[in-house]
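# Notes for the structure review
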Amino acid sequence: MDRKHELLKRVPLFSGLSGSALDEIERLADEVDVAEGRHLVRQGDFGHEFFLVIDGEVEVERDGHRLATLGPGEFLGEIALVDGGTRTATATATKPTRLMVIGHREFNTLMADFPDVRIGVLEALASRVRRLEPEAL
């Protein structure tokens, strides 16, 4: 089993998937390294990618206020892909960071083909809404 496959198995979102499912995700995802200070997404822009942090750290902020710091195994970018809207926050690498990136079309394939992943993404999305937008409930 290669390193990318091992990385995917350690991610809670994918940990319960079969080997063949992980092979498909591996096929859909690109692995990229970004430098400290690199913006992954900007609030208000349209989204085209889903990001999974492999190594490093990403700070998420909205309207200049820090919302979260994401580390290995955590993900971002799903909101704009799920609803087709704009990015709800800006995300910046705060140290050299390795990511798996899945494009919009590939993300939709992942959500359609793997119900466990779809449920995990939707549960994480609901959790973020509860935590960050309590007045919306």
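The sections below set out a description of the structure shown in this document. On a predicted model such as this, the values are computed, not experimentally measured, just so you know. (Residues numbered from 1 in each chain as written. Predicted model: local features only at pLDDT ≥ 70, side-chain atom pairs only at ≥ 80, totals over all residues. Heavy atoms only, no water.)

The sheet built from four strands is open, its strands ordered 2-7-4-5 with antiparallel pairing. Each edge of the open sheet carries a strand with a single partner, namely strand 2 (39-41) and strand 5 (65-70). Across the sheet, the mean angle separating the axes of adjacent strands is 30° when strand polarity is ignored. Pairing of strand 4 (residues 58-62) with strand 7 (residues 90-93), which is carried by four bridges, proceeds in the antiparallel orientation. For glutamate 61, the partnering residue across the bridge sits in strand 7 and is threonine 90. (Pairing = 2+ DSSP bridges. Helix = DSSP H or I, 4+ residues; strand = E, 2+ residues; numbered from the N terminus. Axes fitted to C-alpha atoms, helices over the stretch in contact; angles between N-to-C directions.)

The final tally for this structure, using the stated rule, is four salt bridges. Measuring nitrogen to oxygen at the nearest pair gives 2.6 Å for the salt bridge that ties arginine 27 to glutamate 24. Separated by three residues within a single helix, arginine 27 and glutamate 24 lie in helix 2 (residues 19-28), roughly one turn from each other. A relative accessible area of 57% places arginine 27 in the exposed class. A salt bridge links aspartate 33 to arginine 98, with the nearest nitrogen and oxygen atoms 2.7 Å apart. Here aspartate 33, found in strand 1 (residues 30-34), pairs with arginine 98, found in strand 8 (residues 97-103); they are 65 residues apart in sequence, far enough to count as distant. One network of salt bridges, with partners in common, ties together Glu31, Asp33 and Arg98. (Salt bridge = Lys/Arg side-chain N within 4 Å of Asp/Glu carboxyl O. Buried < 20%, exposed > 50% of the residue type's maximum accessible area, 1.4 Å probe, protein only.)

Membership of the largest hydrophobic core comes to 25 residues, with the highest contact counts inside it found for Leu13, Phe14, Leu52, Leu110 and Val117. Elements with a minimum of two residues in this core: helix 1 (3-10), helix 2, strand 3 (49-55), strand 8, helix 4 (104-113) and helix 5 (115-132). Among the elements that take part in this core, helix 2 stands out by supplying four residues, more than any other. Excluding anything up to four places from it in sequence, leucine 52 contacts Leu8, Val11, Phe14, Gly73, Glu74, Phe75, Arg98, Leu99 and Met100. Ranked by size, the runner-up nonpolar core spans 15 residues in total, among them Val53, Val60, Ala68 and Ala93. (Core = buried A, V, L, I, M, F, W, Y, C linked by side-chain atoms within 4.5 Å. Contact = heavy atoms within 4.5 Å.)

Turning next to the pairing of strand 4. Across five bridges, strand 4 lies against strand 5 in antiparallel orientation. Within strand 5, the position partnered with arginine 62 by the bridge is histidine 65. With antiparallel pairing between neighbouring strands as the criterion, strand 4 and strand 5 make up a hairpin whose turn holds two residues, including aspartate 63 at a positive phi of roughly 50°.

Before going further, it helps to examine the side chain of arginine 87. Residue position: arginine 87 is located in the loop between helix 3 (78-83) and strand 7. A polar contact of 2.9 Å, which involves the side chain of arginine 87, links it to the backbone oxygen of glutamate 49. When sequence neighbours within four positions are dropped, the list of residues in contact with arginine 87 reads Val41, Arg42, Gln43, Gly44, Asp45, Phe46, Gly47, His48, Glu49, Phe51, Gly77 and Ala80. (Polar contact = N/O pair within 3.5 Å; in protein donor to acceptor, adjacent residues only side chain to side chain.)

Attention shifts here to helix 5. The end-to-end C-alpha distance of helix 5, which contains 18 residues, comes to 25 Å, matching closely the 26 Å that a straight helix rising 1.5 Å per residue would cover. All of the buried residues along helix 5 are Val117, Gly120, Val121, Ala124, Leu125 and Arg128. Each buried residue of helix 5 sits inside an arc of 135° when the element is viewed along its axis, so together they form one side. Across helix 5 from its buried face, at more than 90 degrees, point the exposed residues Asp116, Glu123 and Arg130. On its buried face, helix 5 sits against helix 2, strand 6 (75-76), helix 3 and helix 4. (Expected span 1.5 Å × (residues − 1). Arc of directions from axis to C-beta.)

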